[in-house]
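# Chain and residue survey
The primary structure of each chain is shown beneath.
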Amino acid sequence: DAKTTQPPSMDCAEGRAANLPCNHSTISGNEYVYWYRQIHSQGPQYIIHGLKNNETNEMASLIITEDRKSSTLILPHATLRDTAVYYCIVRPLLRRYFGTGTSLTVIP
Amino acid sequence: EAQVTQNPRYLITVTGKKLTVTCSQNMNHEYMSWYRQDPGLGLRQIYYSMNVEVTDKGDVPEGYKVSRKEKRNFPLILESPSPNQTSLYFCASSTGRPNTGELFFGEGSRLTVL
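I will try to describe carefully the structure that is included in this document. (Residues numbered from 1 in each chain as written. Chains lettered and ligands numbered in written order. Predicted model: local features only at pLDDT ≥ 70, side-chain atom pairs only at ≥ 80, totals over all residues. Heavy atoms only, no water.)

### Some thoughts on the sheet that holds strand 7 (residues 65–66) of chain B
Residue and element names in this part refer to chain B. What the four strands build is an open sheet, ordered 1-3-8-7; its pairing is antiparallel. The outermost strands of the open sheet, each flanked by one partner alone, are strand 1 (4–7) and strand 7. Across four bridges, the pairing between strand 1 and strand 3 (residues 19–25) is antiparallel. Considered in strand 3, the bridge of Thr 5 is made with Ser 24. (Pairing = 2+ DSSP bridges. Helix = DSSP H or I, 4+ residues; strand = E, 2+ residues; numbered from the N terminus.)

Below, the structure written as structure tokens:
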């Protein structure tokens, strides 16, 4: 049962890239890594997911290490609206606990 | 617009008064789930459903009931609410296909039990 480990909090200056790490050392070969974010107390929002190749969409980029034991979510130009809790999760549909994620604060 | 709709968004009730929080999705998703979120504890799953008439317990099912009679609806029932069920509740849905983990969440229902 692949668990993930994230730092509890991070700061980032507005306009700079925010790099949010996640450790998932027990991930299985066919399991995807998903990232969600939760702004204040709103419902979590899907950001991106990947298996082993790097992925990019309009919101973020996902870099997965070659051994797949860790990944980094990159917000290339953080804005104040990116202040949120970010969750890294494997197999979210089977996950009974989302964890507490990383609380990212974007500083003006 | 694809969405998951929860009602009510806010509710204050008293101990023992039965209540139902409704959840409806318009995406024809097989999978639906309920979570509660308490300060410092993250999202914990209460119940989930893989399809109509198929439900199963999550991490914290005590004190809750669910039903899945139709694909689009997944109500959460508190038969006899207690103060420890004061929480922020989220409903979510997904296609449920293997390796498709994109969950669509509702906006949340904040429940206070006095």
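There is more to say, and it comes next.
### Focus on the interface of chain A and chain B
With 20 residues of chain A at the interface, the matching set in chain B holds 25 residues. Linking chain A with chain B are zero salt bridges. Here chain A is connected to chain B by six residue pairs in polar contact (both at pLDDT 80 or more). No other element matches strand 3 (residues 33–38) of chain A, which puts three residues into the side of chain A that touches chain B. Of the residues that constitute the side of chain A that touches chain B, the class distribution is ten nonpolar, seven polar and three charged. (Contact = heavy atoms within 4.5 Å. Salt bridge = Lys/Arg side-chain N within 4 Å of Asp/Glu carboxyl O. Polar contact = N/O pair within 3.5 Å; in protein donor to acceptor, adjacent residues only side chain to side chain. Nonpolar A, V, L, I, M, F, W, Y, C, P; charged D, E, K, R; others polar.)

### Observations regarding the state of the cysteines
Residues and elements named next belong to chain A. Inspection of every chain in the model, using the stated rule, returns two disulfides over all chains. There is no disulfide at Cys 12, and the cysteine sulfur nearest it, in Cys 22, is 18 Å away. For Cys 12, a relative accessible area of 7% corresponds to the buried category. (Disulfide = S-S within 2.5 Å. Buried < 20%, exposed > 50% of the residue type's maximum accessible area, 1.4 Å probe, protein only.)

### What to know about unusual backbone geometry
Residue Pro 8 of chain B is bonded to the preceding Asn 7 of chain B through a cis peptide linkage, with omega at -5 degrees. On the secondary structure map, Pro 8 of chain B appears in the loop between strand 1 and strand 2 (10–13). At Arg 68 of chain A, a residue that is not glycine, the phi angle is positive and equals roughly 65 degrees. In this structure, Arg 68 of chain A sits in the loop between strand 6 (61–64) and strand 7 (70–75). A relative accessible area of 8% places Arg 68 of chain A in the buried class. In this structure, Asn 28 of chain B takes a positive phi of about 60 degrees despite not being glycine. Turning to its location among the elements, Asn 28 of chain B is positioned in the loop between strand 3 and strand 4 (31–38).

Nothing here speaks to function; it is geometry throughout.
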